[in-house]
Amino acid sequence: MDEQQAFFSRELLRWYHENRRDLPWRRGHNPYYTWVSEIMLQQTRVDTVIPYFERFISKFPTATALADAKEEDVLKAWEGLGYYSRARNLQAAAREVKERYAGEVPDDVAAVSSLKGIGPYTAGAIMSIAFNRNEPAVDGNVMRVLSRFFRLHDDIAKPSTRVKIEKVARALIPDGHASHFNQALMELGALTCTPKSPSCLLCPVMEHCEGRLAGEELLLPIKTKAKPPKPEVRFAALVEGMGRHEGQLLIRKRPDTGLLARMWELPHVLAQKQTSKGSTTQEAAMDQVRELLFQEGIHAEPVEAYCDAEHTFSHIQWQMRVYRCKALSEMALPPGYAYIEREHMAEYAFPNLFVKLIQGYFEEQQSVRNG
DNA sequence: AACGCGGGGAT
DNA sequence: ATCCCAGCGTT
């Protein structure tokens, strides 16, 4: 360890000793508390997590208690925290801990890493914080602090950068002080070396911070922005049933894999570009809807433009033009298709944009009927 | 390597 | 109202 590294570790630990926050999971040394708190803290701020953590621990005080709980009770305790697969994975892992490790979180990095929901960061956090093992725990805070202090220009959005920074972080751990050191690193990122306006003048390691000395503290860490979602114009068919399907709407189920797997939706198709400018005339759009219905084996035809709707995913933005269509017969439905009425919407899982579209349609129909 | 997964705070 | 935050599992 060179002088700059030794300085960093020494001063950071000294600072942490006086500035650490008193958090519920820091009272005592319970590996289960560390584990639960680290899962909750993924993508979630400390202030939000505290009340959830207190309630969760009082309901499920041990890994075995969590393993024995009903999943719906666990999800209920997680309600509002978001990313609910964290809760399912946490309980699945608790069941494995109960079965394979007699209900005790194993003091073994390979065993901890193999548990559901525990990736490289969380494994390092548990091993270091709970068991004081010399494992790095590199989260976004740590990448920011170390990128600035050592003036690393690697793109922290790349997975390979986390691996590189883990090597840097591992080398900095003062032997026998992994628990406090790793927590100190994250605490500094949360309290002082913040993303937008770091409080460099209050920082215990500012004298040797290469990023600040180079005037780059606001430039670092380098992080490529996610590319903006690619717009996709789509034409959707709002098919109104006839005869015994009067007042009902035609929906279809998405494929088993990929985007929105097994969710229900209105039938729609990616727009084919009609002009050099990429725009599409009303007639051409209706033709494409007619072609969609034909291809899908649906005996119906477009009537008129109904509305526009937009939905943004991480990489795609759907710009949907919805065409009202009318069924021309009480045809047999192709596989994966169904007619739906207002009262039965709760039985089908729809992405939000279709919930809005379909509910909007039914409400409009009802107000028409009510005069 | 790209993508999906919620909610909250900052602006 | 819009931007930003960010670890893990799946594909």
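Keep in mind that this is a model prediction, so the values were computed, not measured.

The rules behind each value
Residues numbered from 1 in each chain as written. Chains lettered and ligands numbered in written order. Predicted model: local features only at pLDDT ≥ 70, side-chain atom pairs only at ≥ 80, totals over all residues. Heavy atoms only, no water. 1 Å grid on protein atoms, 1.4 Å probe; cavity = no way out; pocket = protein on both sides within 12 Å on 5 of 7 lines; lining within 4 Å. Points joined across faces, edges and corners; volume = space filled by probe spheres on them. Helix = DSSP H or I, 4+ residues; strand = E, 2+ residues; numbered from the N terminus. Nonpolar A, V, L, I, M, F, W, Y, C, P; charged D, E, K, R; others polar. Near = heavy atom within 4 Å. Polar contact = N/O pair within 3.5 Å; in protein donor to acceptor, adjacent residues only side chain to side chain. Phe/Tyr/Trp six-rings, centres within 6.5 Å; stacked < 30°, edge-to-face > 60°. Buried < 20%, exposed > 50% of the residue type's maximum accessible area, 1.4 Å probe, protein only. pLDDT = per-residue confidence, 0-100. Salt bridge = Lys/Arg side-chain N within 4 Å of Asp/Glu carboxyl O.

Draft legend 1. View of empty space enclosed by the protein. As enumerated under the stated definition, the model contains 1 cavity of 30 Å³ or more in all. Lining the largest cavity are 14 residues, with Arg-148, Cys-193, Cys-200, Cys-203 and Cys-209 positioned closest to its centre. Looking at the lining of the largest cavity, the element that brings in the most residues is helix α9 (residues 140-149), giving 3 residues. Along the lines of polarity and charge, the residues of the lining of the largest cavity split into 10 nonpolar, 1 polar and 3 charged.

Draft legend 2. Here's a closer look at the layout of surface pockets. Taken as a whole, the largest pocket spans an internal volume of roughly 1400 Å³. Every element with two or more residues in the lining of the largest pocket is listed here: α2 (31-41), α3 (46-59), α8 (120-131), α9, α10 (159-172) and α11 (178-191).

Draft legend 3. Representation of the protein's contact with DNA strand C within the structure. Near DNA strand C, the surroundings consist of 18 residues, among which Gly-117, Gly-119, Thr-122, Asp-139 and Gly-140 are the closest. Near the protein, within 4 Å, the atoms of DNA strand C are sugar or phosphate in 73% of cases. Between DNA strand C and Gln-43, the relevant distance is 3.0 Å, taken from a sugar or linking oxygen to a side-chain nitrogen or oxygen of the residue. Ile-118 places a main-chain nitrogen or oxygen 3.3 Å from a phosphate oxygen of DNA strand C. Elements with a minimum of two residues in the surface near DNA strand C: α8 and α9. The greatest single-element share of the surface near DNA strand C, amounting to 3 residues, is contributed by α8. Per-class residue counts for the surface near DNA strand C are 5 nonpolar, 7 polar and 6 charged.

Draft legend 4. Highlighting the packing of aromatic side chains. By the definition in use, this model includes 14 aromatic pairs. Relative to Phe-150, the ring of Phe-8 has its centre 6.2 Å away and its plane inclined at 45°; by these criteria the two rings are tilted. Of the two residues, Phe-8 is situated in helix α1 (residues 3-19) and Phe-150 in the loop between α9 and α10; the sequence distance between them amounts to 142 residues. Comparing Phe-8 with Phe-150 shows no difference in burial state: the two are buried.

Draft legend 5. Quick peek at the confidence of the model for chain A. In the predicted model, chain A carries a mean pLDDT of 90, and the fraction of residues at 70 or more is 96%. Mean pLDDT across the elements of chain A bottoms out in strand β3 (residues 264-265) (85) and peaks in helix α4 (residues 63-68) (97).

Draft legend 6. Structural view of the pattern of salt bridges. Considering all chains together, one arrives at 23 salt bridges under this definition. The partner of Arg-170 in a salt bridge is Glu-135, and the shortest N-O contact between them spans 3.3 Å. With Arg-170 in helix α10 and Glu-135 in the loop between α8 and α9, this pair connects stretches of sequence that are 35 residues apart. For Arg-290, the salt bridge identified is with Asp-287, shortest N-O distance 2.8 Å. Linking Arg-290 with Asp-287, this pair stays in helix α13 (residues 282-296), spanning 3 residues, or about one helical turn. Under the relative-accessibility criterion, Arg-290 is labelled partly exposed at 37%. A relative accessible area of 45% means that Asp-287 is categorised as partly exposed.

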